[in-house]
Amino acid sequence: MFDKSTYITRRGELRKLMGDGIIILFGNNGAPANYPANEYSPFRQDSSFVYFFGQHRDGLVGIIDIDNGDETLVGNDIDIEDIVWYGSVESVSHLASEVGVVKTAPMKELKSIVNEALRTKRKIHYLPPYRHDTKIMIMDLLGIHPNQQKESASLELINAVVKMRSAKEPQEIEAIERACNVGYVMHTTAMKLIAPGITEKYIGGQVDGIARSLADGVSFATIFSQHGEIMHGSPSMNKLESGRLALCDAGCELDDYCSDNTRTMPVSGKFTQRQLEIYSIVEACHDYVLEAAKPGVRYADVHFAVCRMLTERMKELGLMRGDTDEAVRAGAHAMFLPHGLGHMMGMDVHDMEGLGQIHVGFDDETRPNLEQFGTNCLRMGRRLQEGFVVTDEPGIYFIPALIDDWRAKGHCREFLNFDKIETYKDFGGIRIEDDVLITSGGCRFLGQKRIPYHPSDVEEFMAAQNA
């Protein structure tokens, strides 16, 4: 939790950005894993609720009256039964005072507060819900069916929250840096453990253990797999094999903020020549972002510059052909890079994605292309601003099913050498990812230590573990 003044200032700024009415920010409840008393752990509070109200206890709702400035923290004090199992918890009034809120109310009064606003025909602003218990609460309070709640959510509130949360405050950047420092330990631990015969599951579990030991947990389900061509490959019981590549995409949450890094490593400790050829392309694309990303530049333009760089280099290897600009316009590069260059990051690893990616990564000037394969997965396209934190994560993947599908359809055949691509079906995939802060004059990577990613550094680091 930051200083009380942080939350007072944020709520005041939110009121200034809004027109009139009341804002309801729903905190999360505990979520049962397989029966009521066995909840997913650790508890994860809603990010926007934390941003404005700072508290991590379950069963809370924040109300901001835009017109008169009243603020209320709604929630029930816990009873003796809960204290027996979980220990003493501060009262709701104490939690409210910690973040500068004067008024509190028990949960049973929430309905009355909302009914009064409805009676006087005031606007009621809420964000798109993503948990079913919150959807049920909104239906009880406002009579809006869960199927209609996303469309009925307040666009005015969404835009105000996106505006405020996009550019990170100095204290937020410091928190992300701390998370990135733990991310360094997570990834270097994986590098130390990688060896033929070790299971993916074992290394993935050790990586998760670092996040649970040094931070609040993982920021998303850890990806660790020899099948790097599978975007979200979960660790399996398969043993690592010499000559293969292992991809680790992992991050942690610490003090409400996230890290997100990816490294791809040779299981045997040394890249083959063919692996180096592909790896060097991803490395160059990754490093290009440091030169190109700066305030005022559209991240979509950086993405497509990376796509052109990738295409040129793949042509040198004989995997692509034809005019580079035409190939990129046709989306031929998406055979190898079927996702965007990166996404916003902060309190959520895909920051504010629950509010709608079209509002977070795009604006009136830059619109998403939802029709073209690969480009439709671009999560961040709008102009960068100082204080934005975005990921830089180019990759090259050889996906057998996609190769077969495009070849059968003849899709982009004028730009793709399918005969040669066929020989890479057993390759897997490579991704390199870091977290980038947009500064006044450019950008910089976050985290005190750089996780090794240049090929010689990766090989040297892995060799040192076996010396």
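Residues numbered from 1 in each chain as written. Predicted model: local features only at pLDDT ≥ 70, side-chain atom pairs only at ≥ 80, totals over all residues. Heavy atoms only, no water.

A.B. asks: Even after reading the chapter, I still don't get the overall build of the protein, so can you show me in this structure?
C.D. replies: Scanning the protein from N- to C-terminus turns up 17 helices and 18 strands. Along the three orthogonal principal directions, the C-alpha set of the protein runs to about 70 × 50 × 45 Å. Each of the 467 residues in the protein was classed as buried or not, and the buried ones make up 53%. Long-range contacts, defined as pairs at least 24 residues apart, comprise 74% of the intrachain contacts of the protein with a sequence gap of at least 6. Put simply, the protein shows about 20,200 Å² of open surface, and 51% of that area lies on carbon and sulfur atoms. Each charge sign in the protein was given a centre, from 49 positive and 68 negative side chains, and these centres are 2 Å apart. (Helix = DSSP H or I, 4+ residues; strand = E, 2+ residues; numbered from the N terminus. Buried < 20%, exposed > 50% of the residue type's maximum accessible area, 1.4 Å probe, protein only. Contact = heavy atoms within 4.5 Å. Areas by Shrake-Rupley, 256 points an atom, 1.4 Å probe, with all protein chains shown as cover. Lys, Arg positive; Asp, Glu negative; His and termini not counted. Charge placed at Lys NZ, Arg CZ, Asp CG, Glu CD.)

A.B. asks: How should I be thinking about a negative patch on the surface in this particular structure?
C.D. replies: Together, E39, D58, D79, E81 and D82 make up a negatively charged patch on the protein surface. Assignment of secondary structure puts D82 in helix α3 (residues 80-86). (Patch = residues over 30% accessible without salt bridge, like charges linked within 9 Å, V, L, I, M, F, W, Y side chains within 5 Å. Salt bridge = Lys/Arg side-chain N within 4 Å of Asp/Glu carboxyl O.)

A.B. asks: Mind showing me how you'd approach empty space enclosed by the protein here?
C.D. replies: If you roll a probe as big as a water molecule over the atoms, it shows you where there is empty space left. Per the stated rule, a full pass over the model turns up 2 cavities of 30 Å³ or more. One number sums up the size of the largest cavity: a volume of about 50 Å³. What lines the largest cavity is simply F26, G27, N29, G59, L60, V61, M107, D133, T134 and M137. In terms of residues, the lining of the largest cavity owes the most to one element, helix α6 (residues 132-142), which gives 3 residues. Residue composition of the lining of the largest cavity, grouped by class: 5 nonpolar, 4 polar and 1 charged. Within this model, the second largest cavity holds a volume of roughly 40 Å³. Lining the second largest cavity are C180, Y184, N261, L446, G447, K449, R450 and I451. (1 Å grid on protein atoms, 1.4 Å probe; cavity = no way out; pocket = protein on both sides within 12 Å on 5 of 7 lines; lining within 4 Å. Points joined across faces, edges and corners; volume = space filled by probe spheres on them. Nonpolar A, V, L, I, M, F, W, Y, C, P; charged D, E, K, R; others polar.)

A.B. asks: When you look at helix α8 (residues 155-166) in this model, what are you seeing that I'm missing?
C.D. replies: Helical geometry note: an α-helix holds 3.6 residues per turn, so side chains three or four residues apart project in the same direction. Over its 12 residues, α8 extends 16 Å from the first C-alpha to the last, a length consistent with the 16 Å expected when each residue adds 1.5 Å. By the burial criterion, the buried members of α8 are L157, I158, A160, V161, V162, M164, R165 and S166. (Expected span 1.5 Å × (residues − 1).)

A.B. asks: Just checking my understanding: could you explain the pattern of salt bridges for this structure?
C.D. replies: Pairing between side chains of opposite charge can happen when the charged atoms of each approach one another. Summed over all chains, the structure comprises 33 salt bridges. Taking the shortest distance from any N to any O, the salt bridge between R122 and D65 comes out at 2.8 Å. Linking R122 in the loop between α5 (110-119) and β7 (124-126) with D65 in strand β4 (residues 61-65), this pair joins segments that are 57 residues apart in sequence. R122 gets classed as partly exposed once you look at its relative accessible area, which sits at 27%. D419 is the salt-bridge partner of R407, the closest N and O atoms lying 2.4 Å from each other. Taken together, the residues R407 in helix α15 (residues 400-409) and D419 in helix α16 (residues 418-422) connect sequence positions 12 residues apart.

A.B. asks: For this particular structure, what's the right way to read the sheet that holds strand β11 (residues 252-254)?
C.D. replies: Strands pair in a sheet through their backbones, by hydrogen bonds, and they do so in one of two ways: parallel or antiparallel. An order of β8-β11-β12 is seen for the 3 strands of this open sheet, with the pairing classed as antiparallel. Among the strands making up the open sheet, the edge pair consists of β8 (217-218) and β12 (257-258). Across 2 bridges, β11 lies against β12 in antiparallel orientation. The residue bridging E253 from the neighbouring strand is C258, located in β12. (Pairing = 2+ DSSP bridges.)

Honestly, it's all geometry; don't read function into it.
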